[in-house]
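Chain residues, written in single-letter form:
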Amino acid sequence: MVDQTHPLLRNLNTQQCEAVTVADGPVLVLAGPGSGKTRVLTHRIAWMLSEIQTPAWQILAVTFTNKAARQMRERLTTMVGRETALDMSVGTFHATCARILRREAEHTRFSRDYLILDADDQLALMKLVVKELGLDDKKYRPAALLNAVSQAKNELLTPEQYPIRTYHDEIVARAFTRYQAALRSSNALDFDDLLVEPVRLFQTEAELLEKYRRRFRYILVDEFQDTNLAQYVLLRLLTQEHRSLYAVADEDQSIYSWRGADYRNIRRLRQDYPELTQILLTENYRSTEVILNAAQAVIAHNPDRTPKQLFTKKKGGATITLREAYDEQEEAAFVAREIQSLQRTGKALNEIAVMYRTNAQSRALEETFIREKLPYRLIGGVRFYARKEIKDVLAYLRLAQNSDDNISFQRVVNVPARGIGTRTLATIVESATQANCSAYQAAQQLLQERALGSRAERPVQFFLSLVAGWQEARESMTVVALLDRILGEVDYQSFLRDGSDEGESRWENVLALRAVTAEKPDLTLIDFLTEVALVADVDDIDEEVRAVTLLTLHSAKGLEYPIVFITGLEEGLLPHSRSIEDSPEAVAEERRLFYVGITRAEERLYLSYAFRRGWYGNSDPTGPSRFLGDLPNTGLANPKARSNNRSQGWGGSSWKTAPTQAAPARRERTSIQPRFQRGQRVHHRRFGDGAVQESVIEGNEEIVTVLFFDNRIGVKQFLASMAPLEPAAEH
DNA sequence: AAGGATTGCTTTTTT
DNA sequence: AGCAATCCTT
């Protein structure tokens, strides 16, 4: 029996205590949302450090995002003290692997200063491959090829092992081969390689594996359901001997299968570790009963899952508001108005999040928020590090690190324009392919042989000397200083600041990047570039900022907010049409995505969908999401709204400006009966006749929204108990 | 070689 | 609708 009064176990429930103090060996904690998964993981580490006297350097904790890693490190610092907390390894799979590969580069086929390609770079590289292989890029879309290659890598296949059944497979295999060769010649790795290469390394170098088995004697993994095969094999390699693997998972929150994540890893774990201890966490600390029940009702419809009976002590709770809007503008207006009235009840903006399926959906919300002067913060979308100007500047820095980086070379060789046109570049690239060397080396060679056109000679010479200068300067300069030198030498500022507002904002972005480098004077260039390649947008969420958070359902994983809006709950959007076309399993994953969204909410949940939505420039009618039909009636503020009911007055233009009633988060149950209902004719002493649009009980008040027939009056809201409002006599 | 006009394509989700 | 790739003109 564990002493639950131990300082580290106080405020934990029995299940959690067991999970924290369980004996060493393979452990799988299966937990529902809001059950304190990450908290348990953190306490487990603190427990190991302080009670079992586990040496900190032997612990590896793997998290899903850098943000989670940072939070865990901070919590551990307060729990066990700074030295110990900083002594252990905490980080994402990718960051951990990147570090191992840097250290052990001599055992690999690439050098220590390899670069990490982001999605854009990968696509650019694959485009080059497609061109080089003379493929029709309509029939063999680079993005599709990249996807196939990525899947293959996730399954730990080499180009030679790629299974060929059709001609299409043959083409993929060729592209795969060339793509890997291109990565090698640029001394670059993509995201998948970061995971695959350590596996290869450990499979071939027994001594190295032994070293890391001793180094990572205790391994803990968060969000285990979202690991892919490469990650699983890596974990198995490291732990199959000492068998100290502690995994925390929720299969209902598996939402990354399109990226290779495989929840069947949970089954593999049970098979490979038959002595596995399994612990269930079923108490939810986050959400009210109403929200949790809705979430469970939704997820219960998925087949092939282990049913979990989750419960919460937050009984009751504010009802869920389900809203149909005419289009995405009105939906956004509804969200904005609702947020404004929440603000009036004392809610801070950073307690509110608006979620959606696709990044494109943020636009309508942003436009409305800007108009309403509602501060918001957008997560994802076009990431900071994906912006053109930032990628340019990073390309310069990458060349300073590694002049053989062909992708960066081609990106900025003529940015700003310096007279190296497509012809010259083509000559260089062709010569590089012939000589099997980098573009930089080929350019040097061509220059020596005087094989370039006379016009191109000078600019090429100039560019090469710039890069050479930066490479030399890199050793003795901080990243900021190097960046300043580069920006000066290529005159990037006057290139960007062309007088347009856009130019100004681009330059501001460059300055923001400069500020990032200035903050970290101790970081070497290669470490800076690695960090930049591996940060996610969610990593930078500052909880203190007074703004509404806008983010995709995927980005919302692991986060929680008192108030959550989930918008765009329409067939084709959630579930997404791609998934509907794809397979029932894909639709099941969409359902899990909805589940993840619902369970982010602590107090109050708003769901909305639009009757029609803009798509490729036109606006098409949609239908409410199939998932809405699975919500329980109890707990819904307006259960009828989810039926696909188009009979009730669409098209009235005044609808678009209809304000929505305030619905602050309240815990107490409603006790009074509404006097009015939607569609009912009413008469107001001052405003005349109208129709009830909505009547909602809030606290002990009935709030009626009325559309008056007099257009000059439009829509008004009243307290039913106070207003001179009566049901109108029937005509 | 650079800038402007036209086409055609896109929207899943991201470490 | 918006944007990137491509074409076309100078």
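Everything below is about the structure printed above this text.
Residues numbered from 1 in each chain as written. Chains lettered and ligands numbered in written order. Predicted model: local features only at pLDDT ≥ 70, side-chain atom pairs only at ≥ 80, totals over all residues. Heavy atoms only, no water.

J.: I'd like to hear about the overall build of chain A, residue by residue, with values.
T.: A count of helices and strands for chain A gives 26 helices and 23 strands. Here the C-alpha atoms of chain A give a radius of gyration of 29 Å, agreeing with the 27 Å that 2.2 N^0.38 yields for 731 residues. Taking the principal axes of the C-alpha coordinates as reference, chain A spans close to 95 × 70 × 55 Å. Residues counted as buried form 56% of the 731 residues belonging to chain A. In chain A, the proportion of contacts linking residues at least 24 apart, taken out of those at least 6 apart, comes to 74%. Split by element, the accessible area of chain A, about 33,100 Å² in all, is 48% carbon and sulfur. Taking the average location of the 93 positive side-chain charges in chain A and that of its 98 negative ones, the two points are 2 Å from each other. (Helix = DSSP H or I, 4+ residues; strand = E, 2+ residues; numbered from the N terminus. Rg over C-alpha atoms; globule rule 2.2 N^0.38 Å. Buried < 20%, exposed > 50% of the residue type's maximum accessible area, 1.4 Å probe, protein only. Contact = heavy atoms within 4.5 Å. Areas by Shrake-Rupley, 256 points an atom, 1.4 Å probe, with all protein chains shown as cover. Lys, Arg positive; Asp, Glu negative; His and termini not counted. Charge placed at Lys NZ, Arg CZ, Asp CG, Glu CD.)

J.: Before we move on, can you summarise the sheet that holds strand S15 (residues 561-566) with the specific residues and values?
T.: If you walk across this open sheet you meet the 6 strands as S11-S16-S15-S12-S14-S13, and the pairing is parallel. Both outer strands of the open sheet, strand S11 (321-325) and strand S13 (376-378), are each paired with one neighbouring strand and no more. The mean inter-strand angle of the sheet, taken between neighbouring strand axes irrespective of direction, is 20 degrees. Inspection of the sheet shows S11 paired to strand S16 (residues 601-610) by 5 bridges, in the parallel sense. Bridging across to S16, Thr-321 finds its partner in Tyr-606. (Pairing = 2+ DSSP bridges. Axes fitted to C-alpha atoms, helices over the stretch in contact; angles between N-to-C directions.)

J.: Summarise the protein's contact with DNA strand C; cite the residues concerned and give the values.
T.: With respect to spatial proximity, the complete set of residues near DNA strand C consists of Lys-127, Arg-363, Tyr-616 and Gly-617. Between DNA strand C and Lys-127, the relevant distance is 3.4 Å, taken from a phosphate oxygen to a side-chain nitrogen or oxygen of the residue. Looking at side-chain class alone, the surface near DNA strand C contains 1 nonpolar, 1 polar and 2 charged residues. (Near = heavy atom within 4 Å. Polar contact = N/O pair within 3.5 Å; in protein donor to acceptor, adjacent residues only side chain to side chain. Nonpolar A, V, L, I, M, F, W, Y, C, P; charged D, E, K, R; others polar.)

J.: Could you give an account of the protein's contact with DNA strand B, with specific residues and numbers?
T.: By nearness alone, 27 residues border DNA strand B, and His-94, Arg-357, Asn-359, Ala-536 and Arg-578 come closest of all. Near-protein atoms of DNA strand B (within 4 Å) split between backbone and bases, with sugar and phosphate holding 51%. His-94 places a side-chain nitrogen or oxygen 3.2 Å from a base oxygen of DNA strand B. Interatomic distance of 3.0 Å between a side-chain N/O atom of Thr-552 and a phosphate oxygen of DNA strand B. Looking at the surface near DNA strand B residue by residue, the class counts come to 10 nonpolar, 13 polar and 4 charged.

J.: An account of a negative patch on the surface is requested, with residue identities and associated values reported.
T.: Where like charges cluster on the molecular surface, the negative patch consists of Asp-304, Glu-581, Asp-582 and Glu-585. As for its placement among the helices and strands, Glu-581 is situated in helix H25 (residues 577-582). On the accessibility criterion, Glu-581 (66% relative accessible area) is exposed. (Patch = residues over 30% accessible without salt bridge, like charges linked within 9 Å, V, L, I, M, F, W, Y side chains within 5 Å. Salt bridge = Lys/Arg side-chain N within 4 Å of Asp/Glu carboxyl O.)

J.: Let's hear about the packing of aromatic side chains: which residues, and what values?
T.: By convention here, two paired aromatic rings are described through the distance between centres and the angle between planes. By the definition in use, this model includes 17 aromatic pairs. On the basis of an interplanar angle of 90 degrees and a centroid distance of 6.3 Å, the ring pair of Tyr-162 and Phe-176 is categorised as edge-to-face. Taken together, the residues Tyr-162 in the loop between helix H7 (142-154) and helix H8 (167-185) and Phe-176 in helix H8 connect sequence positions 14 residues apart. Neither residue differs from the other here; Tyr-162 and Phe-176 are each classed as buried. Taken together, the aromatic side chains of Tyr-396, Trp-470, Tyr-492 and Phe-495 make up a single cluster linked through ring pairs. (Phe/Tyr/Trp six-rings, centres within 6.5 Å; stacked < 30°, edge-to-face > 60°.)

J.: Before we move on, could you go through unusual backbone geometry and cite the residues and values that matter?
T.: Residue Pro-416 is bonded to the preceding Val-415 through a cis peptide linkage, with omega at -10 degrees. One can find Pro-416 in the loop between helix H17 (406-412) and helix H18 (422-435). Here the amide bond leading from Leu-574 into Pro-575 is cis, since omega sits at 5 degrees, within 30 degrees of zero. Tracing the backbone through its elements, the reader meets Pro-575 in the loop between S15 and H25. With a phi angle near 70 degrees, Asn-11 is a residue other than glycine that sits in the positive phi range. Inspection of the secondary structure assignment puts Asn-11 in the segment before helix H1 (14-21). Relative accessible area serves as the criterion here: at 65%, Asn-11 is assigned to the exposed category. Phi at Asp-304 takes a positive value of approximately 60 degrees, unusual for a residue other than glycine. Mapped onto the fold, Asp-304 is located in the loop between helix H13 (289-299) and strand S10 (311-312). The exposed category is assigned to Asp-304, whose relative accessible area is 69%.

J.: Run through empty space enclosed by the protein, naming residues and quoting values.
T.: Here the structure, examined in full by the defined rule, presents 3 cavities of 30 Å³ or more. Approximately 70 Å³ is the volume attributed to the largest cavity. Lining the largest cavity are Leu-60, Val-62, Phe-93, Thr-96, Cys-97, Ile-100, Phe-216, Leu-234, Leu-235 and Leu-238. Elements with a minimum of two residues in the lining of the largest cavity: strand S2 (59-63), helix H5 (93-103) and helix H11 (229-239). Broken down by element, the residue count for the lining of the largest cavity peaks at 4 residues, all from H5. (1 Å grid on protein atoms, 1.4 Å probe; cavity = no way out; pocket = protein on both sides within 12 Å on 5 of 7 lines; lining within 4 Å. Points joined across faces, edges and corners; volume = space filled by probe spheres on them.)

J.: Give a detailed account of the pairing of strand S12 (residues 352-356), specifying residues and quantitative values.
T.: Among the 5 residues in S12, 5 count as buried, and that is most of the element. In the sheet, S12 pairs with S15 via 4 bridges, with the strands oriented parallel. Bridge pairing in S15 links Ala-353 to Val-564. Looking at chain direction, S12 and strand S14 (residues 548-552) are connected through 4 bridges and run parallel. Across the sheet, residue Met-355 finds its bridge partner in S14, namely Leu-551.

J.: Summarise the pattern of salt bridges; cite the residues concerned and give the values.
T.: Under the criterion given, the structure shown has 39 salt bridges. Its salt-bridge partner being Asp-392, residue Arg-411 comes within 2.8 Å of it at the nearest N-O pair. Of this pair, Arg-411 sits in helix H17 while Asp-392 sits in helix H16 (residues 388-401); the two residues are 19 residues apart in sequence, bridging distant segments of the chain. By relative accessible area, which is 28% here, Arg-411 ends up partly exposed. With a shortest N-O distance of 3.1 Å, Arg-398 and Asp-405 are connected by a salt bridge. Taking relative accessible area as the criterion, Asp-405 reaches 0% and is therefore assigned buried. Look at the salt bridges and you will find they share partners, linking Asp-118, Asp-121, Lys-391, Arg-398 and Asp-405 into a network.

J.: I'd like a description of the environment of Leu-631, backed by residues and values.
T.: Tracing the sequence through the fold places Leu-631 in the loop between strand S18 (618-621) and strand S19 (681-684). A relative accessible area of 4% places Leu-631 in the buried class. With 379 residues separating them along the chain, Leu-631 and Asp-252 place their C-alpha atoms 17 Å apart.

J.: Explain helix H19 (residues 439-448) residue by residue, including any values.
T.: Listing the buried residues of H19 in full gives Ala-439, Tyr-440, Ala-442, Ala-443, Leu-446 and Leu-447. Seen from one end, H19 has its buried residues packed into an arc of 160 degrees, which puts them on one side. With its phi angle positive at about 50 degrees, Arg-450 sits one or two positions after the end of H19. (Arc of directions from axis to C-beta.)

J.: Tell me about the environment of Gly-380, residues and numbers included.
T.: Of note, Gly-380 is situated in the loop between S13 and H16. On the basis of relative accessible area, Gly-380 is assigned to the buried category, the value being 11%. For the pair formed by Gly-380 and Ser-555, sequence separation is 175 residues and the distance between their alpha carbons is 7.7 Å. If sequence neighbours within four positions are ignored, Gly-380 has contacts with Asn-359 and Asp-537.

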